[in-house]
Amino acid sequence: MQKKLDSLLAAAGIALPDQQKQQLIGYVELLHKWNKAYNLTSVRDPMQMLVRHIMDSIVVNEHLQGSRFIDVGTGPGLPGVPLAIVRPDSHFTLLDSLGKRVRFLRQVQHELGLKNIEPVQSRVEEFEPEPPFDGVISRAFASLQDMLSWCHHLPQKGQGRFYALKGVSPDDELAALPEGITLESVIKLQVPELDGERHLVILRSN
């Protein structure tokens, strides 16, 4: 797995210290192990997890601004855990409504020694951020409209950003953004060995 991760990182032009690589591999091993009982992801093969979970998450890192983030609908910690590993000076709140996922995330936190994640079990609309976040990250929402509607109270006003990980560029959704939301950019992401398009939509609340 180490060789595979090294080749994927090289293809993406990402350099990481050995400790972070080991933590990423440790996370995949835990995900693979717990997946058998908890059904956390439809991806069964650890090598595919490296592509579709690890690389798909960390290619976003260079586009994030700030140091306090919330990953809403994080599931088994995606993209929050890989981002927390490669961004040790930032803090990530990992929000999910399902207890089994949050239990898994607490195990990840404990076994990998991740001091900069905080797993929280809550519905997003009931979660009260204190203080608000620099960035709200999600790859779980069906539409930008749903994300903005349910997460509007989470980012700092005027400064905070929404980071939506998408497949194809959601042009129809972008044409129907609500009042008070500015489109900052749509970035085409390059994920080595991943079929299909990936885009990061960055929005700002005014």
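Residues numbered from 1 in each chain as written. Predicted model: local features only at pLDDT ≥ 70, side-chain atom pairs only at ≥ 80, totals over all residues. Heavy atoms only, no water.

**Here we look at the overall build of the protein chain**
Basically, it comes down to this: By definition, any uninterrupted DSSP run of H or I lasting at least four residues is a helix, any uninterrupted run of E lasting at least two residues is a strand, and each is numbered from the N terminus. Radius of gyration: over C-alpha atoms. The globule rule applied is 2.2 Å multiplied by the number of residues raised to the 0.38 power. Relative accessible area decides the class of each residue, using a 1.4 Å probe on protein chains only: under 20% of the type maximum gives buried, over 50% gives exposed, and in between gives partly exposed. By the convention used here, residues are in contact when the closest approach between their heavy atoms is within 4.5 Å. The accessible surface values rely on the Shrake-Rupley method and a 1.4 Å probe; as for residues, cover is taken only from the protein chains in view.
If you tally the helices and strands in the protein chain, you get seven helices and seven strands. Mapped in sequence order, the helices and strands of the protein chain form the string α-α-α-β-α-β-α-β-β-α-β-α-β-β. At 16 Å, the protein chain has a C-alpha radius of gyration in line with the 17 Å of a compact globule built from 206 residues. Considered along the principal axes of its C-alpha atoms, the protein chain spans approximately 45 × 35 × 30 Å. Here the protein chain holds 206 residues, and 52% of them are scored as buried. The contacts of the protein chain with a sequence gap of at least 6 include a subset with a gap of at least 24, amounting to 66%. Total accessible area computed for the protein chain in this model is approximately 9,600 Å², and 47% of it derives from carbon and sulfur atoms.

**Considerations on the sheet that holds strand 1 (residues 68-72)**
Note the threshold: Note: two strands are recorded as paired if DSSP finds a minimum of 2 bridges between them. Comment: axis = line fitted to C-alpha atoms, over the contacting stretch for helices; angle = value between 0 and 180 degrees taken between N-to-C directions.
Taken in spatial order, the seven strands line up as 3-2-1-4-5-7-6 in an open sheet, and their pairing is mixed. For this open sheet the edge positions go to strand 3 (117-121) and strand 6 (181-188), each flanked by a neighbour on one side alone. Each neighbouring strand pair of the sheet contributes to a mean axis angle of 20 degrees, computed without reference to strand direction. With five bridges connecting them, strand 1 and strand 2 (residues 91-96) associate as parallel partners. Counted as the bridge partner of Phe 69 is Phe 92 from strand 2. Its contacts with the sheet place helix 5 (residues 99-112) against strand 2 and strand 3, and it is angled at close to 160 degrees to strand 3. With respect to the sheet, helix 6 (residues 144-151) is in contact with strand 1, strand 4 (135-138), strand 5 (161-166), strand 6 and strand 7 (199-205), its orientation differing from that of strand 5 by roughly 145 degrees.

**Some points on helix 6**
Residues lying three or four places apart along an α-helix face the same way, a consequence of the helix completing one turn every 3.6 residues. Quick reminder of the rule: Within this analysis, the arc is defined by the directions that extend from the helix axis to the C-beta atoms.
The set of residues buried in helix 6 consists of Leu 144, Met 147, Leu 148 and Cys 151. Taken end-on, helix 6 shows its buried residues confined to a sector of 95 degrees, consistent with a single buried face. Among the structural elements, strand 1, strand 4, strand 5, helix 7 (171-174), strand 6 and strand 7 are those in contact with the buried residues of helix 6.

**Looking at the pattern of salt bridges**
Worth spelling out the cut-off: Take a side-chain nitrogen of Lys or Arg and a carboxyl oxygen of Asp or Glu: if they are within 4 Å of each other, that pair is a salt bridge.
Tallied over the full model, the rule gives 10 salt bridges. Residues Glu 193 and Lys 4 are paired through a salt bridge, measuring 2.6 Å at the closest nitrogen-oxygen approach. Of this pair, Glu 193 sits in the loop between strand 6 and strand 7 while Lys 4 sits in helix 1 (residues 2-12), and the two are 189 residues apart along the sequence. When salt bridges with common partners are traced through the structure, they connect Asp 56, Arg 139 and Arg 198 into a single cluster.

**Thoughts on the side chain of Thr 93**
Inspection of the secondary structure puts Thr 93 in strand 2. If we ignore the near neighbours within four places in the chain, the residues touching Thr 93 are Phe 69, Ile 70, Asp 71, Glu 118, Val 120, Phe 127 and Phe 133.

**Quick look at the environment of Leu 114**
You can see Leu 114 is positioned in the loop between helix 5 and strand 3. Placed 33 residues apart in sequence, Leu 114 and Val 81 show a C-alpha to C-alpha distance of 8.8 Å.

**A word on the packing of helix 1 against helix 3 (residues 46-58)**
Selection rule: Whether a crossing is left-handed or right-handed is set by the direction in which the near helix is turned from the far one by less than a right angle, anticlockwise for left-handed and clockwise for right-handed. The nonpolar class holds Ala, Val, Leu, Ile, Met, Phe, Trp, Tyr, Cys and Pro. Asp, Glu, Lys and Arg form the charged class, and all remaining residues, Gly among them, are polar.
Interhelical geometry of helix 1 versus helix 3 gives an angle of 35 degrees and a closest axis separation of 11 Å. Seen along the crossing, helix 1 lies across helix 3 with a hand that is right-handed. In this structure, helix 1 contributes Lys 4, Leu 5, Leu 8, Leu 9 and Ala 12 to the contact, and helix 3 contributes Met 47, Leu 50, Val 51, Ile 54, Met 55 and Ile 58. Partitioning the contact of helix 1 with helix 3 into residue classes produces 10 nonpolar, no polar and one charged.

**Description of the UniProt feature "binding site: S-adenosyl-L-methionine" (unreviewed entry) in the protein chain**
Note the cut-off: UniProt positions are given in the numbering used here, feature names are shortened, and annotations may be inferred rather than shown by experiment. We call two N or O atoms a polar contact when they sit within 3.5 Å, provided that within protein one can donate a hydrogen and the other can accept it, with sequence-adjacent residues counted only if both atoms are side-chain atoms.
When the UniProt feature table is mapped to this numbering, "binding site: S-adenosyl-L-methionine" (unreviewed entry) covers Gly 73, Leu 78, Val 124, Glu 125 and Arg 139. One can find Val 124 in the loop between strand 3 and strand 4. If we skip the residues at most four places from it in the chain, Val 124 touches Val 72, Leu 95, Phe 141, Trp 150, Cys 151, His 153 and Leu 154. Every residue in contact with Glu 125, bar those within four places of it in the chain, is listed here: Trp 150 and His 153. Only 2.7 Å separates the side chain of Glu 125 from the side chain of Arg 123, close enough to count as a polar contact.

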